Structure formats: C-alpha cells, structure tokens
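Examination of the molecular architecture
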Amino acid sequence: MAQRELLIERQRSMKRFIMQWEWLLLLIFMMIHVVNSFLSPYYLNFNTFIRTPMTFLDKSFLVLPMTFVIILGNIDISVGSTVALSSVIMATAYNAGVAMPLAMLLCLVVATTCGLINGVLMVKFKELSAVIVTLSTMTIYRGVAYVILEDRAAGNFPNWFSFLGWGSIAGIPFMLIMFVICAVLFGILLHKTTFGRKIFGIGNNKNACIYSGIETNRVLLWVSILTGLMAGFTALFLTSRMGSTRPNVAQGYELEVIAMVVLGGVSTAGGKGKIIGPVLAIFIIGFLSYGLGLVNISAQVLLIIIGMLLIISTMILNIRFKRMKKPRVLQS
Amino acid sequence: MVSDRKNLRFKTENFRELGLLLFIILLSVLIQFRNPTFLTFSNIETLLINASILSILAVGMMMVLIVRGIDLSIGSTIAFSGMISAMTVASYPHIHPLISILQGTLVGSGVGFLIGLLVAKFKVLPIIATLGMMNVVRGFTFLVSKGRWISAYQMSIPFKEIATGRILGMNTLVVIAVVIYSAFYYFINHTRTGRQIYAVGSNPDAAEVSGIPKIRIIWMVYILMGALAGLAGVLWVSRFASAQGDTAVGYEMNVIAACVLGGISISGGSGKVSGLILGAVLFGILNNALPLINVSPFWQQGIQGVVILSAVLINVMVKRTNERQALRRRII
Amino acid sequence: MSEYILELRGISKTFPGVKALDDVNFNLKPGEIHSIMGENGAGKSTLIKIMTGVYIADEGQMFFNGESVVIKNTNDSQRLGIAAIYQYVTSYPDLSVTENIFIRHEKVHPITKKIRWKAMHQAASELLRQLGASFDPRTRMGTLSVAQQQIVEIAKALSVNARIIIMDEPTAALSNRESEELYRVTEKLRNDGVAIIFISHRMEDFYRLADRVTVLRDAKYIGTWNKSDIDHDKLVMAMVGREITQMFPKRSVRIGKEILRVENLGREGYFKDISFNLHKGEILALTGLVGAGRTELCESLYGIAPFDEGAIWFDGKQVKFRHPREALDNGLGYLPEDRLGHGLVLDWELFRNVSLPALKEFSFRGFLSLMKEIRKTKEFGERLEVKATSVFDKAATLSGGNQQKIIVAKLLTADLKVIILDEPTKGVDVGAKTAIFDIMGDLAEMGYGIIMISSEMVEVLGLSDRIVVMKEGRVTAVLNTAHTSQEQILRSALGSANGEVNHGK
C-alpha cells in the first residue's frame with residue numbers, strides 16, 4: 001500500500017512572520033521613545049531608560065498572571081482589591097509588632113489565599129462566570145481592607161523595606177531585575193511546559209481538554225493561585241514605593257492590567273497570545289505616561305488613553321482573528 | 001399529574017420573590033427592634049429617596065443583564081452627565097430644570113450609543129468595552145471640569161429642587177422612579193420590542209435565525225442604560241448639590257448588586273421588574289439601616305460584597321436543586 | 001396548477017471539499033406525509049436547509065404550486081408557508097409557550113401596539129388543544145419536556161398557517177409513548193391538508209406514517225416510491241446501496257479474557273440497572289435510539305459524569321473514575337460523539353492535538369519535547385493513513401474522516417486496554433467509514449476491547465461480536481451478533497422497556 005507521508009517541517013511563511021502583532025508593538029514602543037526625546041532633551045540617556053520603569057513596574061507583576069487568566073478565557077477584576085487587602089494586612093501586622101519579614105510573608109500568603117478563594121469559587125460554582133465571581137470578591141476584599149484600616153493610613157516601615165521599590169543592584173533597579181526574572185519564568189511556563197500547553201488548550205476548547213483527560217479544574221486553581229501570589233508581589237513593591245498604605249490603594253489596577261494584556265495581543269476570546277506582547281505593552285503604557293508627564297498632561301488624559309487603547313486594540317484583534325478564521329461550513 | 005407539575009412550578013418560579021419579600025420583612029422587624037426610628041414615616045421616605053436613583057439605574061442594568069451584557073461604565077456616565085448639566089446651570093442659572101434633565105439624559109444616551117456600537121456592532125466583550133469606556137468617560141469628566149467642583153451655591157434653586165421638591169406630597173425623586181418603573185414595566189412586558197429583549201438574551205442564535213434584529217436590540221438596550229444613567233446623573237448632582245470628578249465612583253457595583261439580589265440572572269434571558277423592585281428596596285434597606293444600628297460605615301462595602309456573593313451562590317444552589325428534582329421526576 | 005405543492009429539480013450544492021447534493025429531485029403533494037430517508041451524510045439535512053432558505057442551491061430549480069420560485073433566506077420560505085421543526089428545538093427557554101408560538105407575529109392592539117396577552121394565550125390554548133396537548137400556555141418553555149416543546153414548535157408552524165411542515169428527526173429524542181403522540185398530531189395535520197416532510201432514521205416512523213418515500217444516498221437521488229411499492233429489503237438496499245456483508249469484512253479475532261464488567265450501574269434521571277461485560281479483542285456494539293442513554297452511560301464509565309449505584313470492574317479491579325484522567329491512566333479511552341466540540345482543538349496543529357491526552361509522555365519534568373510530539377504524530381498519522389500534508393496542518397483543515405483518525409491517534413498515544421467509540425462514523429464519508437472500520441478491526445486484533453456506540457443497524461450487525469440494546473435508560477437485550485437479526489434488534493430498541501432483559505444466545 002502506498003503510504004502517505006506526513007511532513008515534519010514547518011512551512012515558513014515570510015508573510016506570517018511579518019504580520020505579527022508584536023512587531024507593531026515594538027514599532028509603537030520605538031515611536032514613543034522618539035517622541036519623548038523630542039519633548040525632553042535630557043530624555044535620551046541610559047539612566048532615564050533604566051530608572052523610569054520603576055514608576056510603573058509595580059502593577060506589571062500582575063500583567064503576567066493576567067495573561068494566563070485571559071488566555072484561559074477568563075477575567076479577573078479582583079486583583080486591585082487583592083493588592084489593597086494584602087498591603088493593608090501587612091502594614092497592620094507590622095504596626096502590631098510582627099517582624100517585617102514575617103509581615104511580608106503574610107502579605108504574600110493573604111494575596112495567594114485571595115486568589116485561591118477566587119479559584120475555588122469558580123471551580124465549585126461552574127455556572128457562575130468569572131466576571132461575577134471576581135466582581136463580588138473584588139468588593140469583599142476591598143471591603144475587608146476598609147474594615148481593618150478604615151480611612152487611616154499605615155506605614156512607618158523599616159528603612160530597608162524601601163529597597164524593594166527604590167533600591168538598585170549594580171545600577172539596575174531591583175524591581176526591574178525582579179520583573180525580568182518573573183517575566184522569563186512566566187514565559188517559560190506558558191510556552192515551554194505542559195502547564196502552558198494546558199492553559200492554551202483550555203482557552204481554545206475546554207471540553208476537548210476534559211475529554212482528553214486534562215484536569216481543567218486543577219489548571220484553573222493554579223492560575224488563580226499564581227494571580228494571587230503576583231498580586232502579593234505587587235502589594236510589596238507598591239507599598240515599598242509609597243512608604244505607607246491605605247485601603248484605597250491600587251484602585252483601578254484591574255483595568256490597567258487588563259488593558260496591557262489586551263494591548264499585548266492576547267485575545268479576550270481566549271486561547272491565543274504570547275507573553276512578550278503584554279510585556280511590551282507594559283513598557284509602552286509606562287513610557288507613554290512618562291512622556292505625558294514631561295509635557296504636563298494630566299493623569300486624566302492617561303485614563304482616557306488607556307481606556308481607548310483597551311477598546312481599540314480589542315477591536316483590531318477581533319477583526320484580525322475573524323479574518324484568520326476561514327468560513328467553514330460544517331456538514332450536519 | 002398535571003396539577004402536580006403546576007404546583008411544583010409555582011413553587012420554584014415564585015420562590016425567589018416570595019423569599020425575598022419574607023427576608024425584607026424579617027430584616028425590617030429585626031432592625032426595628034434594634035432601632036425604633038427605622039420604621040418611621042420620615043425614615044422610610046429617606047430610604048425610598050436614597051433607593052430611587054439606584055432603582056432607576058437598576059432598570060437599565062436589568063435589560064443589559066438580560067441580553068447577556070454588563071455595564072461597568074455607569075458610574076462614570078453619572079459623573080459626566082451630572083457635571084455637564086451642573087456646569088450648564090452654573091453658567092445659565094435661568095435654565096428650566098426639565099431642560100437640565102433632558103440634557104443629562106441626552107448626554108447619557110450618547111455614551112450608551114458608543115458602548116452599544118462597540119458591543120453590538122464590533123462584538124467587543126461587554127466587560128472590556130464598558131471597562132474601557134468607564135475610564136474614557138471619567139477622564140473626560142475631569143477634562144471638562146478641569147478638576148474643579150460645582151458646588152451648591154453655583155446651582156439655581158429650581159435645579160436643586162429637582163431632588164428636594166414634592167409632587168402630590170411625594171418627593172420628586174421617588175415620583176420619577178415610580179414613573180420610570182411603570183413605563184419600563186409596560187415596555188418590557190407589553191410591547192413587542194420589550195419581549196424581544198428577553199428573546200435575544202434567552203437564545204441569541206435562535207433570535208438571529210428567526211429574524212429578530214439582534215444587533216439593534218442590544219444597541220438599544222445600551223442606549224437606554226446610558227439614558228437612564230444620564231438622568232440619574234442630573235438627579236444625583238441635584239440631590240447632593242455638588243458635582244465632582246469622582247462622583248459615583250464604583251456605583252455600578254451597587255446597581256449590579258441590586259439586580260442580582262432581585263433575581264436577575266447574570267447569564268441572561270430572565271429577570272422580572274417585580275423582583276428588581278424588591279432587590280433595590282433590600283439594597284436600600286441595607287444601606288439605610290446599617291448606620292441606624294451602629295454598624296461602622298467602613299463595614300458597608302464588605303457587607304455588600306458578602307450579600308452579592310451569597311445571593312449569587314443561593315441562586316445557583318436553588319437552580320441545582322430544581323434540576324436534581326427534574327431528573328428525579330424523569331421516569332426511566 | 002401543478003399536482004405538487006413543492007417541487008425541486010436537479011438540485012446541487014457543494015461545500016468546500018464536499019459535494020453535499022448532486023442533482024437531487026424531490027416533490028411534495030398537498031396532504032401527504034413524505035419521508036426522506038438515507039444514511040447519515042446522505043444529504044437529507046442539506047436538502048431541507050435549501051427548502052427553508054438556510055442554504056442556497058448552486059444548481060437546480062424550485063417550483064411552488066407549479067411556479068418557479070427562488071428561496072434566498074428564511075424569510076422567503078416563511079412567506080411561502082414553509083416551516084421547519086428541528087430535532088433539537090430552537091426555542092426560547094425563558095419565554096412562555098405563548099410567546100414561543102407567536103414570536104415575530106405577536107397579536108398587538110392596532111393603535112397602541114400593546115401586546116394582547118389574553119388573546120394570545122387564548123389562541124395558544126386553542127392551538128395546543130387542537131394538537132391534543134394539555135399544558136398551560138403560560139408555562140415557561142424551558143420547563144417542558146422535549147416532546148412537549150416539539151408540539152409547541154408545531155403549534156408555532158400552525159399559527160402562521162404553514163402549508164408545508166418539515167420535521168427533521170422529530171422522534172429521535174422521544175420515547176415510544178411520546179412518539180405516538182407526535183404521530184397522532186402529524187396525521188391530524190395531514191388530514192387537514194398540510195404537506196409534511198418527515199425525516200427519520202426509524203423504519204418504524206416510515207411504516208407508521210409516510211405515504212411516499214424519497215431515498216438519498218451519498219448526496220445522490222436514488223428514487224421515490226409509494227409506501228406500497230417498496231418492501232423493507234428494497235428500501236434498505238436503496239439506502240445502503242450494497243449488501244451489508246460486502247462493506248464489513250468481519251475478521252475472526254480470538255476473544256480474550258474479560259476486561260470490563262458493569263454491574264447494575266445507575267445514574268438518576270439517565271440510566272438504571274445496566275449490566276454487561278467486555279472481553280479483550282471483542283467489539284461490543286451499544287445500540288438503541290438516540291436518547292436511550294448510551295452516551296450518558298459511557299460518560300459515566302469514562303469519569304465525565306458520576307454514577308449513583310452499581311459497580312464497574314476494570315481489568316480485575318473495581319473502579320470508579322472521577323475524571324477522564326483516571327480513566328486514561330487506567331487504560332480506558334473514549335472517542336466522543338461531538339468530534340468538533342469534544343474531540344479536537346480545531347485551531348491547533350495536528351501534533352498538538354495528538355499529544356494532548358498524554359502530555360506526560362511528551363515531556364521531561366514538565367518541559368515539552370516538540371521533537372517527540374512531531375515524531376509520534378508522524379508515526380500514528382501515517383499508520384492511520386491520515387490525509388494531510390504535514391503534522392503542522394491545523395485540525396480544522398482536515399475532512400471529517402481524517403479528523404476522526406486524528407482523534408483515534410490521540411487515543412493511541414495513551415496506553416489503553418479498552419476504547420469506547422461514540423458514533424465513530426457520524427458525518428464521515430463512505431471511504432473514510434471503511435477506513436475507520438479497518439482501524440477498529442486492527443485494534444481488536446491487537447487485543448483492545450472495543451465498545452462502539454452506533455445507531456446504524458448495518459454497522460452494528462456487520463462489525464460487532466455482541467450487541468447491547470438500550471431503550472430509555474435500560475438494557476433491553478444483550479444479543480450475540482451471529483444469531484440475531486435487524487428485526488430482533490429493532491424490537492428490543494423500540495419495544496417495551498419493562499420486560500425482562502433478553503440474553504439471547
């Protein structure tokens with residue numbers, strides 16, 4: 001019998017290589033730098049380039065797990081509240097006499113627990129959408145933060161704590177180093193491991209994954225836990241940078257984080273995306289706001305721009321994915 | 001056999017509203033024991049006044065939820081339309097209050113129109129579209145006001161009387177809420193377009209096949225939501241006699257909570273005006289009574305969150321029990 | 001004026017890669033029940049979708065009452081008075097029965113446009129009464145049974161004065177008693193002068209109801225007969241086109257030891273008292289009507305759904321799989337009926353699909369090995385003769401039969417002992433069918449125990465060693481294929497469910 005051979009070489013397509021969303025992001029990133037350097041003659045030097053990220057990197061730790069969440073086809077709008085709650089508990093614990101390292105550990109534990117609670121609710125109550133689950137826990141977590149600290153601020157952290165948000169190692173900000181490490185780890189996790197493969201699979205076709213023996217609940221739980229943990233890191237860095245905390249910190253972080261992920265080319269329909277896109281998007285939005293600051297444009301304009309970016313990139317991605325999906329009539 | 005089934009259906013269909021009513025009565029009695037001023041005429045009126053803006057918005061949100069959407073931007077729309085009408089009144093004090101109301105409603109409809117365009121036409125996920133618009137509209141509110149407040153002394157007396165005046169011995173806000181409830185009750189239950197909202201939410205694919213103008217219905221629902229939010233913005237500013245950039249931040253949560261309490265399904269297709277009224281009243285009681293029984297205001301958000309989550313979870317569990325009973329009835 | 005209310009001549013329709021209809025003729029008289037029969041994929045559904053305007057024919061003409069018409073969309077067909085009732089009801093579960101009947105043509109007050117609920121409820125009651133149904137039109141649609149929902153759909157067709165009603169496998173999900181109710185309603189409609197097109201797999205439906213039958217096979221028109229002019233064997237021949245034995249070269253495989261035993265298995269609301277066993281190298285057919293609980297049973301075996309009572313013995317151990325993962329790890333695999341929804345990730349390349357059930361095998365300490373995935377996919381793909389250019393092809397680009405082979409390849413990557421195949425040939429063309437039968441034969445020879453769910457009598461008889469027949473959630477017969485007949489299977493599938501299980505040997 002004539003055996004039909006299956007090729008094992010990938011057909012390289014120049015067009016597909018060029019038509020990647022990430023190139024566009026890179027281009028925008030470059031353009032922002034060009035514009036910024038026109039705005040300020042002092043802009044173009046290594047120091048600005050390496051120090052500016054410290055102003056916006058705290059929330060970028062959330063972008064990484066949020067990328068997982070959105071590839072899974074879910075959404076998590078409770079992350080801002082999780083940051084607030086864990087930060088408030090850490091500060092309160094420290095002020096009540098707990099040693100700072102322990103308080104920091106507590107911060108991570110609280111945040112991870114918040115994530116775990118989200119995950120358990122979604123697994124146990126499959127009928128509920130991620131939107132409604134995280135909407136309610138968002139209110140609860142923030143509510144608990146208010147119960148603990150009311151409208152006071154808490155701080156007076158030891159001096160060394162400010163190193164997290166302000167310190168540098170060999171001239172490179174500690175936060176940037178940590179972020180790069182996290183981004184690489186998340187990238188490997190998503191693109192090189194079975195765990196990442198499962199995330200993509202569930203985002204594409206959850207049922208097919210269940211029938212193929214993928215424990216979808218376990219994956220969902222782990223992603224929720226990771227999201228919580230990273231919210232804890234965000235809380236640490238944010239609190240360190242601010243020096244004190246209040247129940248209303250990190251308000252609206254969920255929007256910025258989701259906007260960065262979507263701008264990074266991750267489809268809100270789930271199943272598609274790369275880690276590099278959202279990482280580029282972090283720096284685009286970060287340097288953009290820095291540039292706006294240079295010309296004294298208010299924070300409100302940034303609100304508008306982020307909102308618009310979120311909407312417009314979703315629309316473009318929608319159209320792009322629709323074009324890629326060829327119309328296919330299925331026989332019934 | 002037939003009557004038996006009818007009985008069962010009666011139980012499950014009306015369980016929610018009956019249960020909610022009982023819960024409200026029980027709660028009122030309990031609060032009355034703790035604080036005898038609760039069930040006085042003046043307090044009940046305050047309660048209703050406070051609940052009226054919420055319930056006006058809840059009517060719009062109900063329709064949005066029925067067509068499987070969600071609108072997180074209404075807090076911003078309230079601020080925006082309130083700010084614009086307040087600024088107009090501040091510059092032209094002789095304007096008739098009805099014009100202000102109309103102006104606010106139109107501004108809100110405009111926002112709703114944009115959201116509807118994104119959701120219905122460009123198929124952007126409602127949560128993404130409204131999260132984005134929430135920021136954009138909030139940003140514009142700050143921009144047009146240049147960060148300033150419009151305070152009581154800048155507003156004309158007729159404008160402030162929108163919220164404090166009386167018609168037929170009832171507070172105007174309550175009257176407006178009653179009128180809106182009646183109008184939408186008629187619209188939703190007794191017009192073809194109204195029923196098509198349910199059809200689209202209940203089975204979007206079937207709606208499309210049977211020729212219901214799905215896109216137009218969804219679009220209309222968001223416009224109506226925007227219009228109601230715009231109206232609410234004017235009422236809000238008039239009631240609190242102040243318009244600020246951060247008016248009604250996070251108010252969308254309260255509205256969604258009232259809907260969820262009123263038994264409107266987040267997954268679309270079902271929900272009744274009668275349930276909605278009970279949900280809004282219950283929410284009003286929670287807000288009104290907690291200070292009366294000496295619960296710290298900082299507990300409010302947390303309690304609200306817990307109430308939303310419990311309502312959603314109870315819904316799921318009732319549904320599961322119903323399904324299990326249906327299976328048990330099946331003869332094999 | 002023509003004798004026919006509707007006539008189709010020379011209809012052809014091609015989808016990318018598939019000829020769905022090839023020069024098909026069809027005609028319909030007023031006041032008759034006309035059955036369209038044929039195997040899965042013969043083109044029945046496409047034909048009715050052309051009549052209702054869901055698809056537009058590439059070639060051919062349509063005549064309505066002798067006049068040439070073009071049906072471009074569903075509105076056109078509605079205007080002509082053509083209404084369709086589908087197997088899976090397309091209704092609004094949250095709306096009342098009345099609204100479902102009158103959707104899009106509600107009765108409204110001429111001036112105020114207020115919906116006239118009273119008049120509508122009354123008219124709905126009247127329609128339901130005509131159809132002999134006793135439920136309240138104010139009931140929420142979602143609380144009705146499938147049969148009741150179908151009656152609502154018929155009422156909906158009557159409410160627009162439909163002259164042609166197309167019923168697409170309406171009895172598939174119904175019990176006998178419910179079917180009888182539907183027959184009665186259908187006959188009543190015919191006597192009122194409505195023309196009815198009745199599509200069904202069930203011979204029973206044809207003999208009980210139809211006046212004439214049109215047979216399609218492999219997208220081609222075979223012929224139209226009066227009921228009195230065609231006997232059972234001729235009809236089967238027309239549908240299948242060949243002797244059953246030609247297509248299924250049954251191999252003689254040595255049956256090994258018992259590998260799976262199911263004892264009194266039950267799940268509330270789905271099935272009860274299920275007992276059977278399976279040996280190595282044996283092909284066990286699980287048959288019965290759609291909705292008899294076969295898929296639900298196998299999903300409970302596989303750990304997708306739980307079961308409440310009874311026991312499963314797998315390879316000598318008592319097991320209760322809580323998740324497909326446990327089933328796969330123990331050696332039980334399942335090929336789902338819904339190929340696109342449950343079987344494949346369509347946007348993914350073949351190799352990613354193939355490796356999905358056994359990611360552990362394709363990785364080292366959690367890190368995936370692309371080389372392993374590609375090599376294994378190439379190996380299995382070539383062994384199963386998958387028609388594709390490379391292992392990087394997207395699953396969506398393959399034809400139905402080749403997609404099915406990829407799903408089989410998925411199962412082969414796991415180390416299995418028993419494979420359940422749920423309707424493996426559904427929507428697959430004839431060539432691919434033969435290939436799938438070959439694969440099943442190979443697997444049996446290799447010592448796998450195979451459970452095949454199938455509604456197609458010819459497959460069941462041609463391939464299996466033993467047959468388990470289910471009806472309404474219970475096993476009605478366990479038959480030895482060598483000593484049974486189509487009639488005996490049908491009798492068990494349709495007959496009384498309360499009788500003793502017939503362990504015919």
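Residues numbered from 1 in each chain as written. Chains lettered and ligands numbered in written order. Predicted model: local features only at pLDDT ≥ 70, side-chain atom pairs only at ≥ 80, totals over all residues.

1. Considering helix α12 (residues 216–242) of chain A
Because the α-helix completes a turn every 3.6 residues, residues three or four places apart line up on one side. Its 27 residues place the ends of α12 of chain A 39 Å apart at the C-alpha level, agreeing with the 39 Å of an ideal helix rising 1.5 Å per residue. α12 of chain A sits mainly inside the fold: 19 of its 27 residues count as buried. (Helix = DSSP H or I, 4+ residues; strand = E, 2+ residues; numbered from the N terminus. Expected span 1.5 Å × (residues − 1). Buried ≥ 20, exposed ≤ 12 C-beta atoms within 10 Å, placed from the backbone.)

2. Focus: the interface of chain B and chain C
With 22 residues of chain B at the contact, the number on the chain C side is 27 residues. Taken together, the elements giving at least two residues each to the side of chain B that touches chain C come down to α1 (2–34), α8 (192–202), α9 (204–209) and α13 (300–329) of chain B. If one sorts the elements of the side of chain B that touches chain C by residue count, α8 of chain B sits on top with 5 residues. Classifying every residue of the side of chain B that touches chain C gives 8 nonpolar, 8 polar and 6 charged. (Contact = placed C-beta atoms within 7 Å. Nonpolar A, V, L, I, M, F, W, Y, C, P; charged D, E, K, R; others polar.)

3. Let's talk about the nonpolar core
With 350 residues, the main nonpolar core has L57, A58, V221 and C259 of chain B together with I165 and I450 of chain C as its most contacted residues. Sorting elements by how many residues they give to this core places helix α10 (residues 214–240) of chain B first, with 18 residues. Beyond its immediate chain neighbours, meaning those up to four positions away, L57 of chain B contacts I74, L228, A229, A232 and V255 of chain B. If you look at the next biggest cluster of nonpolar residues, it comprises 5 residues, including L356, A358, L359 and F362 of chain C. (Core = buried A, V, L, I, M, F, W, Y, C linked by C-beta atoms within 7 Å.)

4. Some details on the packing of helix α4 (residues 97–121) of chain B against helix α5 (residues 126–145) of chain B
All names here are of chain B. The contact between α4 and α5 brings their axes to 9 Å, and the two run at 150°. Crossing hand, α4 versus α5: right-handed. Only P126, A129, T130, M133 and V137 of α5 make contact with α4, whose side of the interface consists of V111, L114, I115, L118 and V119. (Axes fitted to C-alpha atoms, helices over the stretch in contact; angles between N-to-C directions. Left-handed = near helix turned anticlockwise from the far one by under 90°.)

5. Topic: unusual backbone geometry
All names here are of chain C. Backbone geometry at R104 places phi at a positive 80°, although glycine is not the residue there. Note that R104 resides in the loop between α3 (97–102) and α4 (117–130). In this structure, D273 takes a positive phi of about 55° despite not being glycine. Tracing the backbone through its elements, the reader meets D273 in strand β12 (residues 271–279). Judged by the 15 C-beta atoms lying within 10 Å of it, D273 is partly exposed.

6. Points about the interface of chain A and chain B
On the chain B side, the residues contacting the 33 residues of chain A number 36 residues. Only α7 (130–149), α13 (253–263) and α15 (299–324) of chain A provide two or more residues apiece to the side of chain A that touches chain B. Per-element tally for the side of chain A that touches chain B: the top contributor is α15 of chain A, with 12 residues.

7. Examining the confidence of the model for chain B
Residues and elements named next belong to chain B. Confidence along chain B averages 87 in pLDDT terms, with 95% of residues attaining 70 or more. For chain B, the element scoring lowest by mean pLDDT is α1, at 70; α10 scores highest, at 96. Scored below 50 in pLDDT, residues 1–11 shows 4 contacts in the model against residues more than four places distant or in partner chains. Taken over the whole predicted complex, pTM reads 0.85, whereas the ipTM for its chain interfaces reads 0.85. (pLDDT = per-residue confidence, 0-100.)

8. Here we look at the packing of helix α2 (residues 41–66) of chain B against α10 of chain B
Residue and element names in this part refer to chain B. Where α2 contacts α10, the axes come no closer than 8 Å and their chain directions differ by 170°. Relative to α10, the element α2 is oriented roughly antiparallel. Residues I53, I56, L57, V59, G60, M61, M63 and V64 of α2 lie in contact with α10, whose contacting residues are V221, Y222, L224, M225, L228, A229, L231, A232, L235 and W236. Each residue belonging to the contact of α2 with α10 can be placed in one class, and the counts come to 17 nonpolar, 1 polar and no charged. (Parallel < 35°, antiparallel > 145°, perpendicular 65-115°, else oblique.)

9. Here we look at the sheet that holds strand β15 (residues 317–319) of chain C
All names here are of chain C. Spatially, 4 strands are ordered β12-β11-β14-β15 in an open sheet, and the strand pairing comes out antiparallel. A single partner strand is all that each edge strand has here, and the edge strands are β12 and β15. Pairwise comparison of adjacent strand axes, ignoring direction, gives a mean angle of 20° for this sheet. The pairing of strand β11 (residues 258–267) with strand β14 (residues 309–314) spans 5 bridges and is antiparallel. Considered in β14, the bridge of G266 is made with E309. (Pairing = 2+ DSSP bridges.)

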